[in-house]
Amino acid sequence: KGDIFIVNSKGGEARQLTTHQAYDCHPIWSPDGKTIAFSSTRDGAMDLFTVPITGGTPKRLTSFTGSAIPESFTPDGKEILFRTAIMPEQDYSQFPNGSQVFSISVDGGRPKPFLSFEAYNIHFDKTGHRIIYHDRKGFEDEWRKHHTSSICRDIWIHDLQTGEFTN
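Note that the structure is predicted; figures quoted are calculated from it, not measured.

1. Some thoughts on the packing of aromatic side chains
Under the counting rule described, the total for this entry stands at 7 aromatic pairs. Through a chain of ring-to-ring contacts, the aromatic side chains of Phe-117, Tyr-133, Trp-156 and Phe-165 assemble into a single cluster. Directly above the ring of Phe-49 sits Arg-42, whose terminal nitrogen or CZ lies 5.6 Å from the centroid. The aromatic ring of Tyr-120 is capped on one face by Arg-153, whose charged end is 5.7 Å from the ring centroid.

2. Let's talk about the pattern of salt bridges
All told, the structure shown has 6 salt bridges when counted by the stated rule. In this structure, Asp-47 engages Arg-60 in a salt bridge whose closest nitrogen and oxygen atoms are separated by 2.8 Å. Residue Asp-47 is found in strand E5 (residues 45–52), and its partner Arg-60 is found in strand E6 (residues 59–60); the two are separated by 13 residues along the sequence. Assessed through its relative accessible area of 1%, Asp-47 is described here as buried. Here Arg-60 falls in the partly exposed class, since its relative accessible area comes to 36%. Of the charged contacts in the structure, one is a salt bridge between Asp-125 and Arg-130, with a shortest N-O distance of 3.1 Å. A relative accessible area of 22% places Asp-125 in the partly exposed class.

3. Describing the sheet that holds strand E7 (residues 69–73)
An order of E7-E8-E9-E10 is seen for the 4 strands of this open sheet, with the pairing classed as antiparallel. Here the strands that pair on one side only, and so sit at the sheet edges, are E7 and strand E10 (112–115). Strand-to-strand twist of the sheet, defined as the mean angle between neighbouring strand axes without regard to direction, takes the value 40 degrees. Sheet analysis places strand E8 (residues 79–84) next to strand E9 (residues 100–105), joined by 6 bridges and oriented antiparallel. Within the sheet, the bridge partner assigned to Phe-82 lies in E9 and is Phe-102.

Thresholds applied
Residues numbered from 1 in each chain as written. Predicted model: local features only at pLDDT ≥ 70, side-chain atom pairs only at ≥ 80, totals over all residues. Heavy atoms only, no water. Phe/Tyr/Trp six-rings, centres within 6.5 Å; stacked < 30°, edge-to-face > 60°. Lys NZ or Arg CZ within 6 Å of the ring centre and 35° of its normal. Salt bridge = Lys/Arg side-chain N within 4 Å of Asp/Glu carboxyl O. Helix = DSSP H or I, 4+ residues; strand = E, 2+ residues; numbered from the N terminus. Buried < 20%, exposed > 50% of the residue type's maximum accessible area, 1.4 Å probe, protein only. Pairing = 2+ DSSP bridges. Axes fitted to C-alpha atoms, helices over the stretch in contact; angles between N-to-C directions.

This is how it looks when you write it as structure tokens:
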């Protein structure tokens with residue numbers, strides 16, 4: 001139905017967290033486990049929202065015509081990284097999506113550029129100085145097992161301090 005539910009990792013009854021006629025998707029957990037960030041078409045475009053896991057009225061963080069897809073909270077939980085195509089950079093555009101990663105405070109405000117290239121499923125290491133992510137080079141079924149071709153996704157580590165990439 002396009003809403004978000006939560007359930008204990010051991011199983012049990014699912015509890016509906018969002019209720020809206022719009023499409024809510026791409027939920028991610030905050031580091032403290034108290035908040036979920038997600039995308040929703042509540043106001044037309046695919047904007048970024050947060051909601052406490054106890055429920056309540058979701059808080060809208062973005063308001064532009066592009067899609068905002070959450071990827072990760074920063075390790076301190078104060079910002080959310082999200083993918084969008086606001087300012088495509090030619091040097092990093094491997095695929096027509098041309099999205100970049102921006103950060104925004106959990107309190108809202110103006111988004112800031114975080115990465116000028118496309119990165120999916122971003123996770124920080126324990127120090128917060130490196131991220132691990134995967135790229136996307138073409139139309140590929142990410143659930144297809146044993147697929148090998150030039151469009152297969154690669155997993156990368158990016159050092160945010162030195163700018164170094166490790167495949």
